[in-house]
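A look at the structure
Chain by chain, the residues run as shown.
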Amino acid sequence: MQAIRQQSGASLLTAIFVITALALLAALLTRLMVLGSHETVNEWHASQSFYAAESGIDWAAYQITTGAYSTGCPYTSGTQPVTSETSFTVSVTGCENDIGGKRIYEITSTGNTATATGQVQRQLEVQFMPD
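All of the points below concern the structure found in this document. Every residue gets a number counted from 1 within its own chain, in the order that chain's sequence is written. Reporting in this predicted model follows two pLDDT cut-offs: at least 70 for local features of residues, and 80 or more for side-chain atom pairs to be given and counted; totals over whole chains, interfaces and linings ignore these cut-offs and use all residues. Hydrogen atoms and water are omitted, and side-chain values are computed over all heavy atoms in the structure.

Moving on, we get to the overall build of the protein. The number of helices and strands found in the protein is two helices and four strands. When the helices and strands of the protein are placed in sequence order, the string is α-α-β-β-β-β. Looking at the protein as a whole, 23% of its 131 residues qualify as buried. Carbon and sulfur atoms provide 59% of the accessible area of the protein, an area that totals close to 9500 Å². Only runs of H or I of at least four residues qualify as helices and only runs of E of at least two qualify as strands under DSSP, and these elements are numbered from the N terminus. Accessible area is worked out with a 1.4 Å probe on protein chains only. A residue is then buried under 20% of its type maximum, exposed over 50%, and partly exposed in between. Areas reported here follow the Shrake-Rupley algorithm with a probe of radius 1.4 Å; residue values treat only the protein chains shown as occluding.

Quick look at a nonpolar patch on the surface now. Judged by side-chain polarity, Phe17, Val18, Leu22, Leu25, Leu28, Leu29, Leu32 and Leu35 come together as a nonpolar surface patch covering roughly 780 Å² of accessible area. Looking at Leu28, the relative accessible area reads 48%, which means it is partly exposed. Two joining distances apply to patches: 9 Å for like charges and 5 Å for nonpolar side chains (Val, Leu, Ile, Met, Phe, Trp, Tyr), and every residue must have over 30% relative accessible area and no salt bridge. The term salt bridge refers to a pairing of a side-chain nitrogen on Lys or Arg with a carboxyl oxygen on Asp or Glu at a separation within 4 Å.

One broad trend across soluble globular proteins is that nonpolar side chains are buried collectively. One finds Ile57, Ala60, Ile64, Tyr105 and Ile107 forming the largest nonpolar core, which totals five residues. Sort the elements by how many residues they give to this core and helix H2 (residues 10–66) lands first, with three residues. To define a nonpolar core, start from buried Ala, Val, Leu, Ile, Met, Phe, Trp, Tyr and Cys residues and group those joined through side-chain atoms within 4.5 Å.

Quick look at H2 now. Multiplying one less than the number of residues by 1.5 Å gives the expected span of a helix. For H2, spanning 57 residues, the distance from its first C-alpha to its last is 84 Å, which sits close to the expected 84 Å at 1.5 Å a residue. Burial in H2 covers these residues: His45, Ala46, Ser49, Ala52, Ala53, Gly56, Ile57, Ala60, Ala61, Gln63 and Ile64. Just past H2, the residue Gly67 takes up positive phi, approximately 85°.

Two aromatic rings, taken as a pair, are described by how far apart their centres are and by the angle between their planes. Here a pair means two rings of Phe, Tyr or Trp (six-membered ring of Trp) with centres within 6.5 Å. Their orientation is stacked below 30 degrees between planes, edge-to-face above 60, and tilted elsewhere. Under the defined criterion, the tally for this structure stands at one aromatic pair. Ring geometry for Phe50 against Tyr51: centres 5.6 Å apart, planes inclined by 65°, an arrangement best described as edge-to-face. Taking the relative accessible area as the measure of exposure, Phe50 reaches 32% and is therefore partly exposed. Assessed through its relative accessible area of 45%, Tyr51 is described here as partly exposed.

Moving on: the side chain of Thr110. Mapped onto the secondary structure, Thr110 falls in strand S3 (residues 102–115). What qualifies as a polar contact is a pair of N or O atoms within 3.5 Å, subject to a donor-acceptor requirement within protein and to the restriction that residues adjacent in sequence count only when both atoms come from side chains. Polar contacts involving the side chain of Thr110 include one to the side chain of Gln123, which spans 3.4 Å.

On to the environment of Phe50. Tracing the backbone shows Phe50 in helix H2. We call two residues in contact when some of their heavy atoms are within 4.5 Å. The contact partners of Phe50, leaving out residues within four places of it in the chain, are Arg122 and Leu124.

Below, the structure is given as structure tokens:
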């Protein structure tokens, strides 16, 4: 009879320990999920900036092939929004060089966007030689 009275609080201590361990595990999993979602959003913004820069390269190549490109160095398109719903912008600079009788254009395109945690920027540089 006396042994039962001495162990009567053991189950309460075990229950408190298990509840505390489960609460810590839940807090850790929540923190990992929040960090994972922030990384996913940042990667999405980085991809959008890269695609904006790629669009700038395509735009400059089109300007060169259609003759809308004004000669001179450097040529800057200015900063333009990619869509009206986003804050992504593209800035393209280009330079025309004559090497061995062939025109080679050096195009640099920068796509950037502002996020809640800062600014994401991607830059592409290509050499373009039209036919």
